[in-house]
Amino acid sequence: MNNWFMSYMPLQASQHAAEIDHMTILVHWLMLIMFVGWGAFFLFVLFRFRRGANPRADYAGAKGKLAKGTEVAVAIIEVILLIGYAIPAWATRVKALPSENEAVIVRVVGEQFAWNMQYPGPDKTFGKTDIRLVSADNPLGLDRSDPAAKDDITTINQLTLPVNRPVLVHLASKDVIHSFGLYEMRIKQDAVPGLEIPLWFIPTVTTEEMRRKVGKPDFEYEIACSQLCGLGHYRMRGFVNVKTEAEYQTWLADEAKNLTAR
Ligand SMILES: [Cu+2]
């Protein structure tokens, strides 16, 4: 049954994906049992308290122990899900961020209707951005005169990452609320104007490997904006290219070359 459930989920491609799926499946089991249980109870009540059998209303109401017991049991199961799964998951996903030294750091800024990526470069410091410098070919308003900005790599709708290393994303938005959704990574986080929200994950399957797995040579990990953010929302999609460490280093070097060539 769990396998059947999993066949409807996107494939797992991050280290914490299995943990999130496990929790999702448990919650769905509980909801399925409650749906069937309360549905059966509803039908029973329709029959038991039908007018034919109860010509006069009883203002005292029914006093059953079973209903109360079930309610308490459901509450206990929900507390177990909360304390046993949801709170520990929150503690690692949201509170325990990887250190800036070991992680790949990237700033992702949503706008109507694209995703802008900024890599800090070898100096590991994001260059200054200025709203007055924002233009069609500088969507982030990156100030290239800032020394920290000289080595910054920027891309649009294309996030390139190495496999098996923690990725720390600083998520922001230029205009309205967007949502950064990476389904195979089990990542979804709103991008809120005025806030920079950190999120992290460890990709475990390269794009090439995933293409072989699903048997589709053109498969891509997609970044789907998961918040209705305007008329062009449907075309606000980006892609994540997960490479091996060596391929990632080559990509970084190529991008750095392009910067100096400019
Ligand atoms: Cu959006």
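This report concerns the structure included in the present document.

Definitions and cut-offs
Residues numbered from 1 in each chain as written. Predicted model: local features only at pLDDT ≥ 70, side-chain atom pairs only at ≥ 80, totals over all residues. Heavy atoms only, no water. Donors = N, O, S within 2.8 Å, 3.2 Å for Na, K, Ca; no water. Tetrahedral: all angles 85-135°; square planar, octahedral: opposite > 155°, others 65-115°. Buried < 20%, exposed > 50% of the residue type's maximum accessible area, 1.4 Å probe, protein only. Pairing = 2+ DSSP bridges. Helix = DSSP H or I, 4+ residues; strand = E, 2+ residues; numbered from the N terminus. Axes fitted to C-alpha atoms, helices over the stretch in contact; angles between N-to-C directions. Phe/Tyr/Trp six-rings, centres within 6.5 Å; stacked < 30°, edge-to-face > 60°. Lys NZ or Arg CZ within 6 Å of the ring centre and 35° of its normal. Core = buried A, V, L, I, M, F, W, Y, C linked by side-chain atoms within 4.5 Å. Contact = heavy atoms within 4.5 Å.

In this section: the coordination of the copper ion. Within the first shell, the copper ion binds the protein through His178 (ND1), Cys225 (SG), Cys229 (SG) and Met236 (SD), at distances of 2.1 to 2.4 Å. Here the copper ion binds four donor atoms, and the angle range of 92 to 124° at the metal identifies the geometry as tetrahedral. When the donor residues of the copper ion are listed from N- to C-terminus, their spacing reads H-x46-C-x3-C-x6-M. Both residues of the pair, Cys229 and Met236, belong to the buried class.

The subject of this paragraph is the sheet that holds strand 9 (residues 221-225). With respect to topology, five strands assemble into an open sheet ordered 4-10-9-6-7, the strand pairing being mixed. Each of the sheet's edge strands pairs with one partner strand only, and the pair in question is strand 4 (158-162) and strand 7 (187-191). Averaged over all adjacent pairs, the angle separating strand axes in this sheet is 20°, with direction ignored. Where strand 4 lies against strand 10 (residues 237-243), five bridges are found, and the strand directions are parallel. By the bridge assignment for strand 10, Thr160 is matched with Asn241.

Turning next to the sheet that holds strand 1 (residues 104-111). Strand order in the open sheet made by the five strands is 3-2-1-5-8, with mixed pairing throughout. A strand with exactly one partner marks an edge of an open sheet, and here the two such strands are strand 3 (153-156) and strand 8 (197-201). Averaged over neighbouring strand pairs, the angle between their axes works out to 25° when direction is ignored. When strand 1 meets strand 5 (residues 167-173), the two strands line up parallel, connected through seven bridges. Counterpart to Arg107 in the pairing with strand 5 is His170.

Scanning all chains against the criterion turns up six aromatic pairs. Between Tyr248 and Trp251, the ring centres sit 6.1 Å apart and the planes meet at 25°, which makes this aromatic pair stacked. Of the two residues, Tyr248 and Trp251 are both situated in helix 5 (residues 245-261); the distance of three residues between them amounts to about one turn of the helix. Comparing Tyr248 with Trp251 shows no difference in burial state: the two are buried. An aromatic cluster of at least three residues, connected via ring pairs, comprises Tyr119, Tyr248 and Trp251. Over the ring of Phe47 we find Arg50, and its NZ or CZ is 4.5 Å from the ring centre. Here Arg93 stacks its cationic end above the ring of Trp200, 4.4 Å away from the centre of that ring.

Turning our eyes to something else, we now look at the nonpolar core. Among the nonpolar cores identified, the biggest contains 35 residues, and Trp115, Leu159, Val169, Phe180, Phe201 and Tyr221 are the most heavily contacted of them. If we ignore the near neighbours within four places in the chain, the residues touching Phe201 are His16, Arg93, Leu161, Arg165, Pro166, Val167, Val169, Leu182, Met185 and Ile187. With five residues, the next largest nonpolar core counts Ala103, Leu168, Trp200 and Ile202 among its residues.

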